[in-house]
Amino acid sequence: MSDTITVSGGGSTVVATDELLTDAARLGGAATAVAAARAQTGALGAELDAIGADLGGGWAEPRPAALLRELEVELRRCEADGEELRNALVASAERYGWTERAVDGLWQFGGGIVAHLLGSALTTPAGLLFAGGIALTAGVDSVAANAWGGTPLRDLLAANRELLSDPLFVRAVRAAVDSVDEFAVGAAHLPGGSGLAAVFGDLVNAPESASMLLGVAALVGSRALVDGPVSVRRAEGGDRAGDGRAPAGHPSAGPERGVRAPRGFAELASRIPGGEGPQIRIERYGEAGDPRWVVYVSGTVDPALVAGEQPFDMVSNLHGIADDSPLDALRGAGAESGAGERAVRAAMEAAGMAPGDPVYFAGHSGGGIIVHELARDPGINAIGGVNLGGPGDSAPTRDGVPVLDVAHDEDLVPAVGGSGAPSPERTTVTRSVLGDGHTYEGTLPAHSLESYRDTAALIDASEAPQLVELRELLAFTGGGTGAVSEWIAARDQAGAPELSPEPAPVQAAGAASLSRSTDAPRGR
């Protein structure tokens, strides 16, 4: 485990540790201060020369004006040295960033070649037998898990979780999910397949693959990966509700409790829901006529690929990743957006939020996907957001709405969204959290919310200018005490998934809608 965090993005080609960025900023500040002192020294020396101060008698050597000129020369040299050191640090970070991008490019290139070869191999008799064996094993494992709980396959994965958390394996997964098109070209044995894979490799990545997968699942009538309507309700006493009352002017009735405004990313991370219970937490600050909001979104609760009552599952996650691609707008079947995202929008409306109200988002894992979806919606007045361990690299951003993506080197989950593309509004913080005898619980220990809370505390302690600027965004709440409410979301299991229009979400009287204008189910 390391306490060193690496910062990249935010409109810069620099990739560096926060200590390096902090040192570069300090050197730049020192050089600026020295430059100001040099200018003042030169001005004072000029004034002494103007009155002929050095011409009078009685001065010890060196005379005042001459001494100031010597001091100005030394300050100029000091200023130059500071700028040279700062530029050297920045150049080092630039070279590191170039190296990282080159390595990522090689992984993507190699992933495409391997995917094409695998696609070609798996359509041979031996390959089909191998693929069938894997599918049969997965099916038997799923049935056994439903019947008896643990299975030998899952026990094997748990016993070898080091592989799933190996940074090289994580890189391989990131390359693989962007290479589905190369695999398909190889499987189809198209003439000039390797050339086609090279041409279209950068056009079809993880979001496009997810969108096509959802479209096929809906068209063939599969129960897997097909989403359904969702509703939300306020958490009551047994659901971890608060014990206070709604503040004056708050439009929603129900139990509330007071909470101090978050001052940093550690406090944001500590309030993200985890595990069972309410999946959405909403905090309201400011006066009744000028509300400010912070919305927290749970991570994945159920890893199921068939939509059940729990909307924070893999079905919702896949819809969120697919939504990152412009291609998804052409998908003519299935849900418009994931159930988790629709649940958060419904909870925001029920809490009394209006489209023009400023809001900040924080989420973990699948909740990080939702953070990106909401932050880029022009119908929401988003101040910014933080995504802890969600696949966010491929998510588009909106001008003026910065998002902080936090990913651990050993965490497999952020990698399933693919490589994505840099954005001036996306700052990424990475960190190694395993090793040195320290471990977190679970099959994917580097993905635990606990581990990301530890990293959030390191981000708060950093003096890197990019992170300080992002942290200062939280001042939009105005500080002080606000009110918190918690919300429970559930899919409607009564009807067929997305075959009829979804019932209107819970909404406060007179509130404008925060739902997408195209949130209705798509036709078949």
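Predicted model only: the values in this text are computed from it and were never measured. (Residues numbered from 1 in each chain as written. Predicted model: local features only at pLDDT ≥ 70, side-chain atom pairs only at ≥ 80, totals over all residues. Heavy atoms only, no water.)

Engineer: Just checking my understanding: could you explain the overall build of the protein chain for this structure?
Structural biologist: Counting its secondary structure elements, the protein chain contains 15 helices and 11 strands. The 524 residues of the protein chain split such that 46% are buried. Sequence-distant contacts in the protein chain: of pairs separated by 6 or more residues, those separated by 24 or more amount to 71%. (Helix = DSSP H or I, 4+ residues; strand = E, 2+ residues; numbered from the N terminus. Buried < 20%, exposed > 50% of the residue type's maximum accessible area, 1.4 Å probe, protein only. Contact = heavy atoms within 4.5 Å.)

Engineer: Looking at this model, I keep getting lost on the pairing of strand S9 (residues 403–408). Mind explaining?
Structural biologist: Walk down a regular strand and you will see the side chains alternate between the two sheet faces. For S9, a buried count of 6 out of 6 residues is recorded, marking the element as mostly surrounded by other parts of the structure. Neither face of S9 is exposed, since Val-403, Asp-405 and Ala-407 on one face and Leu-404, Val-406 and His-408 on the opposite face are all buried. As defined by bridge partners, strand S8 (residues 382–388) adjoins S9 across 4 bridges and the pair is classed as parallel. In the sheet register, Gly-385 faces S9, and the bridge partner there is Val-403. Relative to strand S10 (residues 426–431), S9 is paired through 6 bridges, and the arrangement is parallel. Counterpart to Leu-404 in the pairing with S10 is Thr-427. (Pairing = 2+ DSSP bridges.)

Engineer: Can you help me understand the packing of helix H12 (residues 339–350) against helix H13 (residues 366–375) in this one?
Structural biologist: In helix packing, the relevant descriptors are the interaxial angle and the interaxial distance, both defined with respect to the helix axes. Remark: H12 packs on H13, axes separated minimally by 10 Å, with the N-to-C direction vectors making an angle of 60°. In terms of axis orientation, H12 runs oblique to H13. Like other packed secondary-structure pairs, H12 and H13 cross with a definite hand, here right-handed. Contacts from Gly-340, Glu-341, Val-344, Arg-345 and Met-348 in H12 reach Ile-370, Glu-373 and Leu-374 in H13. Residues that form the contact of H12 with H13 fall into these classes: 4 nonpolar, 1 polar and 3 charged. (Axes fitted to C-alpha atoms, helices over the stretch in contact; angles between N-to-C directions. Parallel < 35°, antiparallel > 145°, perpendicular 65-115°, else oblique. Left-handed = near helix turned anticlockwise from the far one by under 90°. Nonpolar A, V, L, I, M, F, W, Y, C, P; charged D, E, K, R; others polar.)

Engineer: Help me understand unusual backbone geometry in this model?
Structural biologist: Backbone geometry follows two general trends: most residues other than glycine have a negative phi, and most peptide bonds adopt the trans configuration. If you check the backbone angles, Ser-365 has positive phi at about 60° while not being a glycine. Inspection of the secondary structure assignment puts Ser-365 in the loop between strand S7 (359–364) and H13. The class for Ser-365 is buried, based on a relative accessible area of 6%.

Engineer: Help me understand empty space enclosed by the protein in this model?
Structural biologist: A water-sized probe, rolled over the atoms, reveals where empty space remains. Under the counting rule described, the total for this entry stands at 4 cavities of 30 Å³ or more. By volume, the largest cavity is sized at about 50 Å³. For the lining of the largest cavity, the secondary structure elements donating two or more residues are helix H11 (314–322) and H13. With 4 residues, H13 is the largest single contributor of residues to the lining of the largest cavity. Of the residues that constitute the lining of the largest cavity, the class distribution is 2 nonpolar, 5 polar and 2 charged. (1 Å grid on protein atoms, 1.4 Å probe; cavity = no way out; pocket = protein on both sides within 12 Å on 5 of 7 lines; lining within 4 Å. Points joined across faces, edges and corners; volume = space filled by probe spheres on them.)

Engineer: What is the right way to read helix H14 (residues 449–461) from this model?
Structural biologist: Each α-helix turn comprises 3.6 residues. Residues three or four places apart therefore point the same way. Taking 1.5 Å of rise per residue, the 13 residues of H14 would be expected to cover 18 Å, and the 19 Å separating its terminal C-alpha atoms lies within 8% of that figure. In the core, the buried residues of H14 are packed alongside helix H10 (265–271), S7, S8, S9, S10 and helix H15 (465–472). (Expected span 1.5 Å × (residues − 1).)

Engineer: Honestly, the pattern of salt bridges in this entry has me stumped. Any pointers?
Structural biologist: Note that side chains of opposite charge can pair when their charged atoms are close. Taken as a whole and assessed by the stated rule, the structure comprises 17 salt bridges. Arg-342 is paired through a salt bridge with Asp-227; the nearest N and O atoms lie 3.7 Å apart. On the criterion of sequence distance, the pair formed by Arg-342 in helix H12 and Asp-227 in the loop between helix H9 (206–219) and strand S3 (230–234) is long-range, its members being 115 residues apart. Each of the two residues, Arg-342 as well as Asp-227, counts as buried. Linking Arg-271 and Glu-267 is a salt bridge whose minimum nitrogen-to-oxygen distance equals 3.8 Å. With Arg-271 and Glu-267 both in helix H10 and 4 residues apart, the pair spans about one turn of that helix. Accessibility assignment for this pair places Arg-271 and Glu-267 in one class, buried. Salt bridges linked by common partners bring Arg-263, Glu-267, Arg-271, Arg-281 and Glu-283 together as one network. (Salt bridge = Lys/Arg side-chain N within 4 Å of Asp/Glu carboxyl O.)

Engineer: Teacher, can you tell me more about the nonpolar core here?
Structural biologist: When a protein is soluble and globular, its nonpolar side chains tend to lie buried together. Core analysis: the biggest nonpolar cluster contains 30 residues, and Ile-280, Ile-282, Val-295, Val-344, Met-348, Phe-361 and Ile-380 have the highest contact counts within it. Among the secondary structure elements, those contributing two or more residues to this core are S3, strand S5 (280–287), strand S6 (290–297), H12, S7, H13 and strand S11 (481–491). Counting 28 residues, the second largest nonpolar core, distinct from the first, contains Tyr-360, Leu-404, Val-406 and Val-429. (Core = buried A, V, L, I, M, F, W, Y, C linked by side-chain atoms within 4.5 Å.)

Engineer: Help me out: how do you make sense of the confidence of the model for the protein chain in this one?
Structural biologist: Any segment with low pLDDT has predicted coordinates that should not be analysed in fine detail. Per-chain confidence: the protein chain averages 75 in pLDDT, with 65% of residues scoring 70 or above. Long-range and interchain partners of residues 238–255, a stretch whose pLDDT sits below 50, account for 45 contacts in this model, where long-range means more than four residues apart. (pLDDT = per-residue confidence, 0-100.)

Engineer: Would you explain the packing of aromatic side chains in this entry?
Structural biologist: Remark: the centre distance and the inter-plane angle together describe each pair of aromatic rings, the angle taken between the planes. Applying the stated criterion across every chain yields a total of 0 aromatic pairs. In this arrangement the basic side chain of Arg-281 is found over the ring face of Tyr-296, its NZ or CZ atom lying 5.7 Å from the centre. Taking the ring centre of Trp-293 as reference, the NZ or CZ of Arg-284 above it sits at 6.0 Å. (Phe/Tyr/Trp six-rings, centres within 6.5 Å; stacked < 30°, edge-to-face > 60°. Lys NZ or Arg CZ within 6 Å of the ring centre and 35° of its normal.)

Engineer: Can you walk me through the pairing of S6 in this structure?
Structural biologist: Most of S6 sits out of view: 6 of its 8 residues are buried. Where S5 meets S6, 8 bridges bridge the pair, whose relative direction is antiparallel. Pairing of Glu-287 across the sheet is with Asp-290, part of S6. A loop of 2 residues connects S5 with S6, the two strands running antiparallel in sequence. Across 5 bridges, S6 lies against S7 in parallel orientation. Across the sheet, Trp-293 pairs through a bridge with Val-359, a residue of S7.

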